[in-house]
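One letter stands for each residue in the lines below.
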Amino acid sequence: MRRGLTIGEFATLTHLSVRTLRRYHEAALLVPAAVDPFTGYRYYAAEQIPAAQVIHRLRELDVPLAEVKSILAADPERRAELIAGHLRRLEAELDRTRAAVVSLRRLLRPDAQDLRVELRSVPARTVAAVRGHVTLEDSTRWYDAAMAELDAAFGPAGRTGPPGGRYANELFTAGAGAMTVYRPVREPRASGRIEVVELPPSDLAVVVHCGGHDDIDVTYGRLGSWVVEHALAVDGPIDETYLVGPRDTPTPADWRTEIGWPVFRLGPGGLA
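Within any chain, residue numbers begin from 1 and follow the written order of that chain's sequence. Reporting of local features is limited, given that this is a predicted model, to residues whose pLDDT is at least 70; pairs of side-chain atoms are given and counted only at 80 or more, and all residues count toward the totals for whole chains, interfaces and linings. In computing side-chain properties, one takes all heavy atoms of the structure into account and sets aside hydrogens as well as water.

Asker: I'd like to hear about the sheet that holds strand β1 (residues 5–6), residue by residue, with values.
Answerer: In space, the three strands of this open sheet follow the order β1-β3-β2, with antiparallel pairing throughout. With partners counted over all chains shown, the strands left at the sheet margins are β1 and β2 (34–35), one partner each. Two elements, β2 and strand β3 (residues 42–44), share two bridges in a ladder whose sense is antiparallel. Paired with Val35 across the bridge in β3 is Arg42. Two strands pair under a simple rule: DSSP has to find at least two bridges between them. Helical segments are the DSSP runs of H or I of at least four residues, strand segments are the runs of E of at least two, and each set is numbered from the N terminus.

Asker: So what's going on with the side chain of Asp151? Which residues, and what values?
Answerer: Structurally, Asp151 is set in helix α6 (residues 139–153). What qualifies as a polar contact is a pair of N or O atoms within 3.5 Å, subject to a donor-acceptor requirement within protein and to the restriction that residues adjacent in sequence count only when both atoms come from side chains. A polar side-chain atom of Asp151 sits 2.7 Å from a polar atom in the side chain of Arg183. Residues count as neighbours in contact if any of their non-hydrogen atoms are within 4.5 Å of one another. Non-local contacts of Asp151, meaning those with residues more than four positions away in its chain, are made with Arg159, Arg183 and Arg247.

Asker: I'd love a proper account of the pairing of strand β5 (residues 125–135), names of residues and values included.
Answerer: Summarising the sheet, β5 and strand β8 (residues 195–199) pair through five bridges and their orientation is antiparallel. Across the sheet, residue Ala128 finds its bridge partner in β8, namely Val196. Pairing geometry for β5 and strand β7 (residues 176–183), over eight bridges, is antiparallel. Its bridge partner being in β7, His133 is matched across the sheet by Ala178.

Asker: Explain the pattern of salt bridges to me, using residue names and the numbers behind them.
Answerer: Each salt bridge in this description consists of a side-chain nitrogen of Lys or Arg and a carboxyl oxygen of Asp or Glu lying within 4 Å of one another. With the rule as written, the count across this model stands at nine salt bridges. Between Arg131 and Glu195 there is a salt bridge, with its nearest N and O atoms 2.7 Å apart. Of this pair, Arg131 sits in strand β5 while Glu195 is found in strand β8, placing the two residues 64 residues apart along the sequence. When accessible area is computed with a 1.4 Å probe and restricted to protein chains, residues below 20% of their type maximum are described as buried, those above 50% as exposed, and intermediate ones as partly exposed. The partly exposed category is assigned to Arg131, whose relative accessible area is 45%. With a closest N to O distance of 2.7 Å, Asp138 and Arg141 form a salt bridge. Here Asp138 falls in the partly exposed class, since its relative accessible area comes to 26%. Sharing partners across several salt bridges, the network here consists of Asp151, Arg159, Arg183 and Arg247.

Asker: Go over a nonpolar patch on the surface with me, naming the residues and quoting the values.
Answerer: Nonpolar side chains (Val, Leu, Ile, Met, Phe, Trp, Tyr) within 5 Å and like charges within 9 Å form the patches, drawn only from residues with over 30% relative accessible area and no salt bridge. Per-residue and other accessible areas follow the Shrake-Rupley method at a 1.4 Å probe size, with only the shown protein chains counted as cover for residues. Taken together, Leu232, Val234 and Phe264 make up a surface patch of nonpolar side chains, about 250 Å² in accessible area. Relative to the assigned elements, Leu232 resides in strand β10 (residues 232–233).

Right, here's the structure in full:
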């Protein structure tokens, strides 16, 4: 009497190689329905095909074997949570890869003509702001939450300019530091985390980064090189002004971000 599908037949049906099926058996991930005690031949049941196909798809997504085993053993709701968690990790890894590719393309094809630096004296300003001590890893989430709070408190009619941020050097050098996200508004007022903040005057070397922020580090590096060559850098916070950003358009190619590097100037027309 036939005992089930041979390992070769099962491999053909599931697109899992014989070698892989043996490895899954040894790992107790996909155990054959029967094993001949004399020959050691493995036999699989037709009912095992869906489980094998699930394993195949999960392994295509680079889910570790131990996690695959947990997914198969879990109830349907928990199984969905585990798979969703892995997909989120894959999406984050894809974002990191995409950002690295964009940066490398700019680094490998530098265009010195597209760096236009402006020396600018920015007067003191009173703004509505949210301040905090933030880790670099959490900075994007923190920024989004702070901007949402500012947007809710001050509608378009009350705004007098694009939003901005000031970032302490320690945020980049030590991975954590002070962040200030602000909006210039007609009547600054405190509410919740929002404070009325006086931004001191500053002299900046300013460049506009065009496009998404995946390669904004390249623009930072090029501006920093320009400052080293042409000016005296000041140990102060970096300024960013979001002329056009995610809140204005969902198209990253249309974003425009001013980066301001603090410098020391002798007078209106000269550098130190």
